[in-house]
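Observations on chain architecture
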Amino acid sequence: MKDLIGLKTSIGEKIESALNAQIKVEAHSSSIYLAMASWCDYQGYDFSSDFFLEQADEERAHMMKIFHYVKNRGGKAVSPEVVNVPQDFESFRSVFEQALEQEMHVTKQFNNLADLCFKEKDFVTFQFLQWFLEEQVEEEYTMRRAIELFDVIGEEGTGAWDIDKHIPKITFDRG
Ligand code: FEO
């Protein structure tokens, strides 16, 4: 008789655990962006608050995409525990700087995952990761552009108000 456990999934233990770790990273990102949305709202930066609310939703969607992938491949997707979510931020600008750092961290995680897929010869998962790798280009770009607004407009006088107004106008050209 065939080993039924062996037939249950074709993703290896290492890949499954790395994907579950990524589910957690995405959940953490979602919570951080939610905290940023709240902070911006409290400070009166309404457009940035909406921007981060949208980012929080996107990160949750990323989390669910990986969650579904793990279970659809016969693995065990783990509902993540999210801790250490910062609720206060030094300044308006620092919120975007932290968001960029977070995105750069996520990019690194996906690169590590892709590398693991090669090592484990899991090209199906490698293929699945392509969407996320491309998405990271856009996410990093958006945060960098936001930080540039601080440099170009400056926060003096009505500058911060003006920067906030420009945040929703940032668009990424996929070419
Ligand atoms: Fe899902 Fe912005 O990383």
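In short, a report on the structure. (Residues numbered from 1 in each chain as written. Predicted model: local features only at pLDDT ≥ 70, side-chain atom pairs only at ≥ 80, totals over all residues. Heavy atoms only, no water.)

So, on to the packing of helix α2 (residues 13-43) against helix α3 (residues 46-72). Taken N-terminus to C-terminus, the directions of α2 and α3 make an angle of 165°; their axes are 8 Å apart at the nearest point. In terms of axis orientation, α2 runs roughly antiparallel to α3. Both α2 and α3 take part in a crossing whose hand is left-handed. Of the residues that constitute the contact of α2 with α3, the class distribution is 16 nonpolar, 7 polar and 6 charged. (Axes fitted to C-alpha atoms, helices over the stretch in contact; angles between N-to-C directions. Helix = DSSP H or I, 4+ residues; strand = E, 2+ residues; numbered from the N terminus. Parallel < 35°, antiparallel > 145°, perpendicular 65-115°, else oblique. Left-handed = near helix turned anticlockwise from the far one by under 90°. Nonpolar A, V, L, I, M, F, W, Y, C, P; charged D, E, K, R; others polar.)

Before going further, it helps to examine the layout of surface pockets. As a volume, the largest pocket reaches approximately 300 Å³. In terms of lining residues, the largest pocket is bounded by 16 residues, among which Phe51, Glu54, Gln55, Thr142 and Ile170 are the most central. Mapped onto the lining of the largest pocket, the elements with two or more residues apiece are α3 and α5 (123-153). Ranked by residues supplied to the lining of the largest pocket, first place goes to α3 with 6 residues. (1 Å grid on protein atoms, 1.4 Å probe; cavity = no way out; pocket = protein on both sides within 12 Å on 5 of 7 lines; lining within 4 Å. Points joined across faces, edges and corners; volume = space filled by probe spheres on them.)

Further remarks concern unusual backbone geometry. Most peptide bonds take the trans configuration, and most residues that are not glycine carry a negative phi. One non-glycine residue, asparagine 84, lies in the positive phi region at around 55°. Relative to the helices and strands, asparagine 84 is located in the loop between α3 and α4 (92-120). Accessibility expressed as a relative area gives 68% for asparagine 84, which makes it exposed. Within the chain, lysine 121 stands out as a residue other than glycine whose phi angle is a positive 55°. Examined against the element boundaries, lysine 121 turns out to sit in the loop between α4 and α5. (Buried < 20%, exposed > 50% of the residue type's maximum accessible area, 1.4 Å probe, protein only.)

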